[in-house]
Amino acid sequence: MNDVRIPDGIDAAIRQASAMLPAQVWDLDSVISRATAVNRLRWRRRRAWRRLTGIAAGAVAAIVAGSLGLVLGGSGSGDLPADGPAPSWIFAVDADHLYAVRSGCEGCPEELLGSDDGGVTWTRRTDRTDRSFRLTVGPEGALLVEGIRAVGASPPAQAGEISGTAISADGGRTWTSVVDDPEPWPSLPAGAILSCGSGASCPLGAIDPETGRRSPLPGQPPASQGRRTYPVRATIWVDTQDESAWSTSVSRDGGRTWSTESQPCQPAGCGAGYTLTPGLDDSTVFRVRLNNDAGEVVILRSLDAGRTWQRYAVTGSPAKGPSGGQAAGIVAPDGSLIVAHFPGVGTDLETWILGPGDTAPRAVRPSGLPERLGGTLASALSGNADTGYLLRGSGSTVYRSLDGLTWWPLHVRASA
Amino acid sequence: MRATAAARAAPEDTDSFESFYRGQVDIVYRALALTLTDAWLAREATDEAMLRAFARWSTVGRYDNPSAWVYRVGLNWATSRWRRTSRERPLSTEDRPGSARPPDPAGLAALAALGHLTVKHRAVVVARVLLDLSTAETASLLGIPQNTVKSRLARALASLRAELTMGDDDE
């Protein structure tokens with residue numbers, strides 16, 4: 001069968017379009033680290049199955065359906081006990097309220113856990129969901145779940161079960177179905193969760209946790225190949241990066257009006273590693289990236305919402321491994337930027353701090369963090385001054401901090 | 001470290017995957033980004049598909065075109081995710097604010113033209129152009145008959161030609 005020939009002009013146009021896409025920093029080590037975690041989970045499941053082969057099916061069902069209490073402790077070596085599945089996701093709303101998602105085995109339904117006491121005790125908020133669901137946490141603790149149990153099922157199905165797209169204003173105890181309304185919000189509802197914050201073909205919107213109404217924001221940030229959205233206090237920041245420029249957009253009035261500043265990224269493109277980190281006020285914003293394999297970390301700080309930038313550079317250890325290291329930043333409660341550099345698997349974590357009045361970053365040594373870290377730093381380090389901070393270490397270990405400098409390990413442990 | 005981590009892959013397999021990853025990951029990402037018209041989603045899909053490729057590398061590495069397999073897995077993952085979030089309404093072209101910095105008019109025009117195709121049509125075009133697959137290979141990749149590949153390609157090319165205001169003299 002003869003192939004249809006692609007006209008040269010169209011072939012060239014498609015290649016030009018391809019060349020315009022934002023450059024990416026690829027991380028082979030994170031692929032391998034994740035594969036390792038999957039393999040470990042499979043091994044645990046096989047071992048658990050061997051243990052269970054002598055147990056009656058009714059007993060297994062009782063364990064699954066029962067209300068298993070969970071305790072999150074703060075001592076120990078930082079390794080996950082073999083008797084509890086690792087949380088696949090953890091998020092802090094503030095110092096007291098945290099959510100975690102975990103699954104007992106690969107392919108099993110995930111369960112949503114919540115803590116109202118800073119992670120000391122945990123309760124199951126729902127234990128019957130789709131095998132995989134997407135969870136978004138609002139600024140005041142509202143939860144948005146996008147998980148479809150069965151095509152056409154009308155949510156909610158029954159108490160404790162999540163199906164379709166639903167939102168909860170009470171920490172996951174009761175759920176309201178999300179209903180689309182094309183009429184833009186006149187102003188952002190209190191506690192709203194932004195929707196399509198990382199989309200490219202849908203408007204940036206908001207969902208009211210009380211009613212479940214989802215509508216576009218009254219104004220929109222500039223269109224792009226993709227965006228990342230960061231709501232911090234009363235400010236919404238949007239980071240867009242295309243092939244030749246990155247833009248910083250900010251709205252201080254609930255998405256009604258936007259201010260956008262763009263800078264060309266020369267000479268080699270922006271790359272996804274130029275991560276935006278909002279400050280605590282509505283004008284300060286940072287960008288952090290690992291500049292090269294020699295370990296140079298570049299910090300950009302803007303005090304005017306991205307119009308002008310001050311550049312700082314520090315140099316840590318050279319990257320180790322084929323994909324090099326990673327760098328990421330968090331903003332401490334006093335407005336300082338804490339930058340972490342992870343040269344590669346099996347290397348020490350390096351950290352610097354840039355205070356509000358500082359003219360140069362200085363090395364700092366947070367306490368309680370592991371010297372060595374696995375996985376991908378950029379996705380492992382999260383939080384801000386309002387939520388506190390979380391860091392996922394190697395394997396399943398999670399570290400918690402409220403100031404960015406003092407950390408402790410959290411262990412998810414089955415209590416009974 | 002790498003050999004230990006790759007519990008299911010022999011060291012030579014890991015080296016082979018590393019070589020494949022270095023050479024192909026960006027190509028797969030760009031193919032997915034054009035197909036999905038969402039660079040962020042494409043990045044996540046590429047990471048997910050590469051993870052699965054690594055976990056099965058002893059098998060996937062023997063395929064004639066592992067990149068095509070990774071592309072297909074990434075596309076399946078992303079479109080499945082799309083289905084879960086399909087209630088998010090697309091922004092109409094008329095409503096889109098202007099791009100802050102148009103870097104390449106020809107590339108922008110091509111991106112816009114691709115954006116007017118369905119994902120099925122974009123997948124065929126991208127597989128042929130960026131992954132350099134034949135009609136038969138594209139059919140195998142997407143799990144559709146060769147005649148369907150040809151009809152989708154013809155329709156997509158007609159649309160692109162009209163959008164990009166090209167004459168027939170370049171055929």
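Structure shown above.
Conventions and cut-offs
Counting restarts for each chain, with residues numbered from 1 along the sequence as it is written. Ligands are numbered from 1 and chains lettered from A, in the order in which they are written. Local features are withheld for residues below a pLDDT of 70 in this predicted model, meaning they are given only at 70 or higher, and side-chain atom pairs are given and counted only at 80 or more; totals for whole chains, interfaces and linings count all residues. Each side-chain value is derived from all of the structure's non-hydrogen atoms; neither hydrogens nor water enter the calculation. Helical segments are the DSSP runs of H or I of at least four residues, strand segments are the runs of E of at least two, and each set is numbered from the N terminus. Accessibility here uses a 1.4 Å probe with only protein chains present; expressed as a share of the type maximum, an area under 20% marks a residue as buried, one over 50% as exposed, and anything in between as partly exposed. A 1.4 Å probe and the Shrake-Rupley method give the accessible areas. Residues count as covered only by the protein chains that appear here. Whether two residues touch is decided by their heavy atoms; if any such pair falls within 4.5 Å, the residues are in contact. Throughout, an axis means a line fitted to C-alpha atoms (over the contacting stretch in the case of helices), and angles, computed between N-to-C directions, take values from 0 to 180 degrees. By the definition adopted for this analysis, an angle is roughly parallel if under 35 degrees, roughly antiparallel if over 145, roughly perpendicular if from 65 to 115, and oblique otherwise. Salt bridges, as used here, are contacts in which a Lys or Arg side-chain nitrogen is within 4 Å of a carboxyl oxygen on Asp or Glu. We call a pair of cysteine sulfur atoms a disulfide when they lie within 2.5 Å. Note: the arc covers the axis-to-C-beta directions of the helix. Only the six-membered ring of Trp is used, alongside the rings of Phe and Tyr, when aromatic pairs are assigned; centres must lie within 6.5 Å, and planes under 30 degrees apart are stacked while those over 60 apart are edge-to-face, with the rest tilted. Only Lys NZ and Arg CZ are tested; either one counts as a charge over a ring when it is within 6 Å of the ring centre and within 35 degrees of the ring normal. Pairing between strands requires that DSSP locate at least two bridges from one strand to the other.

## Things to note about the overall build of chain A
In step 1: Each helix and strand in chain A was counted, giving 4 helices and 29 strands.
In step 2: Across the 416 residues in chain A, those meeting the buried criterion constitute 53%.
In step 3: Summed over its atoms, the accessible surface of chain A is roughly 17200 Å², and 53% of this surface lies on carbon and sulfur atoms.

## Some remarks on the overall build of chain B
In step 1: Per the secondary structure count, chain B includes 9 helices and 0 strands.
In step 2: Tracing chain B from N to C terminus, the helices and strands come up as α-α-α-α-α-α-α-α-α.
In step 3: By residue count, 47% of the 171 residues in chain B fall in the buried class.
In step 4: Counting only contacts in chain B whose residues sit at least 6 apart along the sequence, the fraction spanning at least 24 positions is 64%.
In step 5: Summed over all atoms, the accessible surface of chain B reaches about 8000 Å², with 49% contributed by carbon and sulfur.

## Considering the packing of helix H1 (residues 8-20) of chain A against helix H6 (residues 105-115) of chain B
In step 1: Close contact between H1(A) and H6(B) brings their axes to 8 Å; oriented N to C, the two are set at 100 degrees. Put simply, H1(A) runs roughly perpendicular to H6(B). Counting all contacts with H1(A), which are made through A:Ala13, A:Ile14, A:Gln16, A:Ala17 and A:Met20, the residues of H6(B) involved are B:Ala106, B:Gly107, B:Leu108, B:Ala110, B:Leu111 and B:Leu114.

## Thoughts on the pattern of salt bridges
Residues and elements named next belong to chain A.
In step 1: A complete count under the given rule lists 13 salt bridges over all chains for this structure.
In step 2: Ionic pairing is found between Arg 5 and Asp 8, a salt bridge with its closest N-O pair at 3.2 Å.
In step 3: For Arg 5, a relative accessible area of 47% puts it in the partly exposed group.
In step 4: The residue Asp 239 makes a salt bridge to Arg 287 at a minimum N-O spacing of 2.9 Å. Here Asp 239, found in strand S15 (residues 235-241), pairs with Arg 287, found in strand S19 (residues 285-290); they are 48 residues apart in sequence, far enough to count as distant. Like Arg 287, Asp 239 is buried.

## Here we look at the state of the cysteines
Residues and elements named next belong to chain A.
In step 1: Enumeration according to the criterion identifies 1 disulfide over all chains in this entry.
In step 2: The disulfide bridge from Cys 196 ends at Cys 202, spanning 1.7 Å between sulfur atoms. Residues Cys 196 and Cys 202 are joined through a disulfide that is right-handed, its torsion about the S-S bond being 70 degrees.
In step 3: On the basis of relative accessibility, which here comes to 8%, the residue Cys 202 falls in the buried class.

## Focus on unusual backbone geometry
Most peptide bonds take the trans configuration, and most residues that are not glycine carry a negative phi.
In step 1: The backbone of A:Cys196 shows a phi angle near 60 degrees, a positive value even though the residue is not glycine.
In step 2: Unlike most non-glycine residues, B:Asp132 shows phi in positive territory, near 60 degrees.
In step 3: Looking at the secondary structure, you find B:Asp132 in the loop between helix H7 (119-129) and helix H8 (135-142).

## Structural notes on the environment of A:Leu204
Residue and element names in this part refer to chain A.
In step 1: With respect to the helices, strands and loops of the structure, Leu 204 is situated in the loop between strand S11 (193-195) and strand S12 (205-207).
In step 2: Since its relative accessible area comes to 0%, Leu 204 is described here as buried.
In step 3: Sequence separation between Leu 204 and Val 238 is 34 residues; the distance between their C-alpha atoms is 10.0 Å.
In step 4: Sequence-distant contacts of Leu 204, defined by excluding residues within four places in its chain, comprise Ser 195, Cys 196, Gly 197, Pro 216, Leu 217, Gln 220, Pro 221, Arg 227, Thr 229, Val 238 and Trp 258.

## Comments concerning H8(B)
All names here are of chain B.
In step 1: All buried positions along H8 are accounted for by Thr 135, Thr 138, Ala 139, Leu 141 and Leu 142. Buried residues of H8, viewed axially, fall in a sector of 165 degrees; they line one side.
In step 2: Trailing H8 by a residue or two, Gly 143 shows a phi angle of about 70 degrees, which is positive.

## Focus on the packing of aromatic side chains
In step 1: Counted by the stated rule, this structure contains 6 aromatic pairs over all chains.
In step 2: Ring plane angle 50 degrees and centroid distance 6.2 Å describe the contact between B:Phe17 and B:Phe20, whose orientation is recorded as tilted. Of this pair, B:Phe17 and B:Phe20 both sit in helix H2 (residues 11-36), 3 residues apart, which is roughly one turn of that helix. Like B:Phe20, B:Phe17 is buried.
In step 3: Over the aromatic face of A:Trp185 sits the side chain of A:Arg213, whose NZ or CZ is 3.9 Å from the ring centroid.

## Observations regarding the sheet that holds S15(A)
Residue and element names in this part refer to chain A.
In step 1: Strand order in the open sheet formed by 4 strands is S14-S15-S16-S17, and the pairing between neighbours is antiparallel. On the outer flanks of this sheet lie strand S14 (227-232) and strand S17 (259-264), each paired with one strand and no other. Averaged over all pairs of adjacent strands, the angle between their axes in this sheet comes to 15 degrees, without regard to strand direction.
In step 2: Across 6 bridges, the pairing between S14 and S15 is antiparallel. Residue pairing in the sheet places Thr 229 in a bridge with Val 238 of S15.

## Let's talk about the side chain of A:Ser18
In step 1: Note that A:Ser18 resides in helix H1.
In step 2: On the basis of relative accessible area, A:Ser18 is assigned to the buried category, the value being 7%.
In step 3: What A:Ser18 contacts, discounting residues up to four positions off in sequence, is B:Arg30, B:Leu34 and B:Leu130.

## Looking at H6(B)
In step 1: Residues B:Gly107, B:Ala110, B:Leu111, B:Ala113 and B:Leu114 constitute the buried set of H6(B). Axial view of H6(B): buried residues confined to an arc of 165 degrees, hence all on one face.

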